[in-house]
Amino acid sequence: MQCERSVTVLVREGLHARPATQFVKLARMFQSTLEVFREGRSADAKSSVKLMLLAVKEDDDILIRGEGDDAAVAVESLARFVSDPEAGLPATGQDATGQDATAAAHKPRGTATRPATPDEPRRGIAAGEGAAVGEVFPFFPPKLVAEPRVLNSHEIEAERTRFRLAVEATIAALLGSRTTGEPRPQDVQIVDALVEVARDGELSGAADARILAGLDAASAALQAGEDLARRFEAVSDPYIRARAEDVRGVTRNVVLTLLGRKHTGLPELPAGAILVAEEISAWDLAEAPMARIAGILCIKGAATSHVAIMARTHGIPTVLGYGADVAVLRATRRVALDGGTGEVVLDPDDSTVQAFEARIMQQTAARKTLSAYARIEPRTRDGRLIEVAANLGSLSEIEPALRAGAMGVGLFRTELLFMERRCLPSEDEQTAVYAELAKAVAPRPVIVRTLDVGGDKPVAGIDFPDEQNPFLGWRGVRMCLDRPDIFRPQLRALLRASVAGNIKVMVPMIADVGELRAVKALFDECRAELEAEQVPVGAPEIGVMMETPAAALMADEIAAESAFFSIGTNDLTQYVMAADRLNPRLAGLSRPDHPAVLRAVDLICQAANKAGIWVGVCGEAAAREDLIPEFIRLGVTALSMSPSSIARAKKCVIGI
Ligand code: PEP
Ligand code: MG
């Protein structure tokens, strides 16, 4: 079957590295061949390098074409992906420092070329907030050169194998760096993007062709890498251009392996040093002791580069694109910089050092003030305790969430577990994930939402029908109740995992109390089965995610049979306002602060209060400082949000 669809790309900043990697991951879940067309050129949708070189930007019109049995679902899923402005970006678009990565990328304050004057500090690109002063740790690894050697024809096959093994070793080392050091979810995504570059046929195919033509592997890799890096640099989009750095980093490591040389890394870096370099790759940082780096100053790089994103994730003050001479930087002993403004002072005098130290103290105090709220149990002035919890989608997010002050997990979206895979996760696999989550957060509660997928979020192994309106279609609890073969293993896994901690189960997309009754009946059957099998089970409560207007209007009936309510304001707003949440043209209607939505919230809260059950909010609106007071006034006692918003929300609660 052939199928195609034209669509306007709404992904913020277009299909640059991380969204491209996610897009390709999604494409690979389908059997069909998939192609993307833009302005008369096309690329294989399953190759992230080819896709990035197509330089698809926000607002571009593209055509997605598929050929194969699952082409219709594949094309539809990819079209939906590119229609989501946040697709492939970290949740809320914020990095772990709470700084908006994209906003920072958009507004580099200062330029790389502004000349220094004796009384005015020189500037580079502000790439990671915060001031720093320290001794320089110079990082200027020797430039890699390989003497080109012509191979004899009998050497060619062995040389191709050597090259393949070097690529595999590079990938293995990259994957290893995901589990060593202090990786954050954002780092893991970046490492995944590097792995994609290493795996992609565009780089290895070009090197292999050179080896086949008789060139030694190291020279072939260097030439192919440089060629590809230049092709990236020729693209006008700054996000795509910044990928040249990734290609060079990966190539460098493949070539070092081929030459049998050690990678000059950063593990020796002393605590409190300012890392100074001509160019740093995301690879270098993935292996570096991030907690020891006080600041980064680099001649190359842009606010959109992976180095910048990693630096922001770890809260490292960073200035990139700093237009100084390499020789000048090599001779520098001390640096003062401000990654929020782009200011840099080389070998600062005493009064400059004092001024920067005062600035650091001020910034630290401001951060401490906010982070002090992370540890509090927030109460309103009249003494009501408000639980401020985290919304999570994977186990790797638990630790940062707890550090950010999460008082539990208010929403664990189980879809990711299903969507990232080529087949459905088994009951045992699910049990292990839910148990690890519950154990890590115990005794605090973890609210696990049962599978909420549908035509808009396809999953390999579930055949979704083509639907005109997937958001109004066969999704969430509707699909689960029709497919007990998928739902039962999840319910059984939740029952089994709840012996490890405080799990609560939440059912999404309830529109009729009958659906809740059916879920509870199935849950009881699963419990009875497990008990008969003598498998230990817990007794998790079952609550309802209130996100349909029908549920809000029937909240009294539903409250009588539910252990708690959690309001999904994202969908509730979409359905109350009849405004597709993915359609930016409807942003004016997609407002959770609209009186119509707040009336629905009020109905839900009144029903919960009458039935004596607690009610929380877990949609994006839970973090809005203008809405928190209104929610609490209506009777909400729990708020769940992305971890970077927790401290601010707690501060807001205690002021009410
Ligand atoms: C919601 O609908 O408000 C919600 C939190 O769930 P999701 O965004 O996953 O649909
Ligand atoms: Mg929802």
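Residues numbered from 1 in each chain as written. Chains lettered and ligands numbered in written order. Predicted model: local features only at pLDDT ≥ 70, side-chain atom pairs only at ≥ 80, totals over all residues. Heavy atoms only, no water.

Quick look at the overall build of the chain now. Tallying secondary structure elements over the chain gives 26 helices and 20 strands in all. For the chain, the residues scored as buried account for 55% of the 656 residues in total. Long-range pairs, those at least 24 residues apart, make up 68% of the contacts in the chain with a sequence separation of at least 6. With an accessible surface of roughly 27,100 Å², the chain has 52% of that area assigned to carbon and sulfur atoms. (Helix = DSSP H or I, 4+ residues; strand = E, 2+ residues; numbered from the N terminus. Buried < 20%, exposed > 50% of the residue type's maximum accessible area, 1.4 Å probe, protein only. Contact = heavy atoms within 4.5 Å. Areas by Shrake-Rupley, 256 points an atom, 1.4 Å probe, with all protein chains shown as cover.)

Across the interface, helix α8 (residues 217-233) lies against helix α10 (residues 244-259) with an axial gap of 9 Å and an inter-helix angle of 175°. Between α8 and α10, the interaxial angle falls into the category roughly antiparallel. The segment α8 lies against α10, with Ala 217, Ala 218, Ala 221, Leu 222, Gly 225, Glu 226, Leu 228, Ala 229, Phe 232 and Glu 233 engaging Ala 244, Val 247, Arg 248, Thr 251, Val 254, Val 255, Leu 258 and Leu 259. Classifying every residue of the contact of α8 with α10 by side-chain character gives 13 nonpolar, two polar and three charged. (Axes fitted to C-alpha atoms, helices over the stretch in contact; angles between N-to-C directions. Parallel < 35°, antiparallel > 145°, perpendicular 65-115°, else oblique. Nonpolar A, V, L, I, M, F, W, Y, C, P; charged D, E, K, R; others polar.)

Turning our attention to the coordination of the magnesium ion (ligand 2). Within the protein, the atoms that donate to the magnesium ion (ligand 2) are Glu 547 (OE) and Asp 571 (OD), at distances of 2.1 to 2.2 Å. With a gap of 24 residues between them, Glu 547 in the loop between β17 (542-546) and α21 (549-553) and Asp 571 in helix α23 (residues 569-576) connect regions that are remote in the sequence. For Glu 547, a relative accessible area of 1% corresponds to the buried category. (Donors = N, O, S within 2.8 Å, 3.2 Å for Na, K, Ca; no water.)

Bringing the site of ligand 1 into the picture now. For ligand 1, the full set of nearby residues is Leu 411, Arg 413, Arg 449, Met 545, Glu 547, Gly 568, Thr 569, Asn 570, Asp 571, Arg 581, Cys 618 and Gly 619. In the model, an oxygen atom of ligand 1 is placed 3.1 Å from a nitrogen or oxygen of the Glu 547 side chain. Here Thr 569 contributes a backbone N or O atom positioned 3.1 Å from an oxygen atom of ligand 1. Notes on ligand 1: free accessible area 290 Å², of which the protein chains cover 97%. Sorting the residues of the shell around ligand 1 by element identifies β14 (409-413) and α23 as the ones contributing at least two each. The biggest single contributor to the shell around ligand 1 is α23, with three residues. A class-by-class count of the residues in the shell around ligand 1 yields three nonpolar, four polar and five charged. (Near = heavy atom within 4 Å. Polar contact = N/O pair within 3.5 Å; in protein donor to acceptor, adjacent residues only side chain to side chain.)

Moving on to helix α7 (residues 201-212). The complete set of buried residues in α7 reads Glu 202, Leu 203, Ala 207, Asp 208 and Ile 211. Sitting at the amino-terminal end of α7 is Asp 200, which places a side-chain oxygen 2.9 Å from the backbone nitrogen of Glu 202. Backbone geometry just downstream of α7 places Gly 214 in the positive-phi region, at approximately 105°.

This part takes up the packing of aromatic side chains. With the rule as written, the count across this model stands at three aromatic pairs. For the ring pair Phe 464 and Trp 474, a centre distance of 5.7 Å and an interplane angle of 70° mean the geometry is edge-to-face. Remark: Trp 474 occurs in the loop between β15 (445-449) and α18 (476-482) and Phe 464 occurs in the loop between β15 and α18; sequence separation between them is 10 residues. Both residues of the pair, Phe 464 and Trp 474, belong to the buried class. Ring geometry for Phe 564 and Trp 614: centres 4.8 Å apart, planes at 5°, overall stacked. Linking Phe 564 in strand β18 (residues 564-567) with Trp 614 in strand β19 (residues 614-617), this pair joins segments that are 50 residues apart in sequence. You can call Phe 564 buried: its relative accessible area is 0%. When the ring centre of Phe 356 is taken as reference, the NZ or CZ atom of Arg 359 above it lies at 4.5 Å. (Phe/Tyr/Trp six-rings, centres within 6.5 Å; stacked < 30°, edge-to-face > 60°. Lys NZ or Arg CZ within 6 Å of the ring centre and 35° of its normal.)

Moving on, we come to a nonpolar patch on the surface. Judged by side-chain polarity, Leu 553, Met 554 and Leu 603 come together as a nonpolar surface patch covering roughly 300 Å² of accessible area. As for its placement among the helices and strands, Leu 553 is situated in helix α21. Look at Leu 553 and you get exposed, because its relative accessible area is 64%. (Patch = residues over 30% accessible without salt bridge, like charges linked within 9 Å, V, L, I, M, F, W, Y side chains within 5 Å. Salt bridge = Lys/Arg side-chain N within 4 Å of Asp/Glu carboxyl O.)

Once that is clear, we can look at the sheet that holds strand β1 (residues 2-8). Taken together, four strands build an open sheet; the order of strands is β1-β4-β2-β3 and the sheet is antiparallel. Both outer strands of the open sheet, β1 and β3 (41-44), are each paired with one neighbouring strand and no more. Adjacent strand axes in the sheet meet at a mean angle of 20°, parallel and antiparallel pairs treated alike. Against the sheet, helix α3 (residues 71-82) touches β1, β2 (33-38) and β4 (61-67), its axis set at about 10° to β1. (Pairing = 2+ DSSP bridges.)

Among the secondary structure elements, Ala 282 is positioned in helix α11 (residues 282-287). The class of Ala 282 is buried, set by a relative accessible area of 1%. When sequence neighbours within four positions are dropped, the list of residues in contact with Ala 282 reads Ile 190, Leu 194, Glu 245, Asp 246, His 306, Val 307 and Met 310.

The next thing to look at is the confidence of the model for the chain. On average, residues of the chain score 86 in pLDDT, and 89% of them reach the 70 mark or higher. pLDDT under 50 marks residues 92-121. Its contacts with residues more than four places away, or in other chains, come to 60 contacts. (pLDDT = per-residue confidence, 0-100.)

With respect to topology, eight strands assemble into a closed barrel ordered β13-β14-β15-β16-β17-β18-β19-β20, the strand pairing being parallel. In this sheet, adjacent strand axes meet at a mean angle of 30° when their direction is disregarded. Pairing of strand β13 (residues 387-392) with β14 involves three bridges; the strand directions are parallel. Within the sheet, the bridge partner assigned to Asn 391 lies in β14 and is Leu 411. Sitting on the sheet, helix α24 (residues 595-611) is in contact with β17, β18 and β19, with an inclination near 165° to β18. Docked against the sheet, helix α26 (residues 646-654) engages β13 and β20 (638-641), running at close to 160° with respect to β13.

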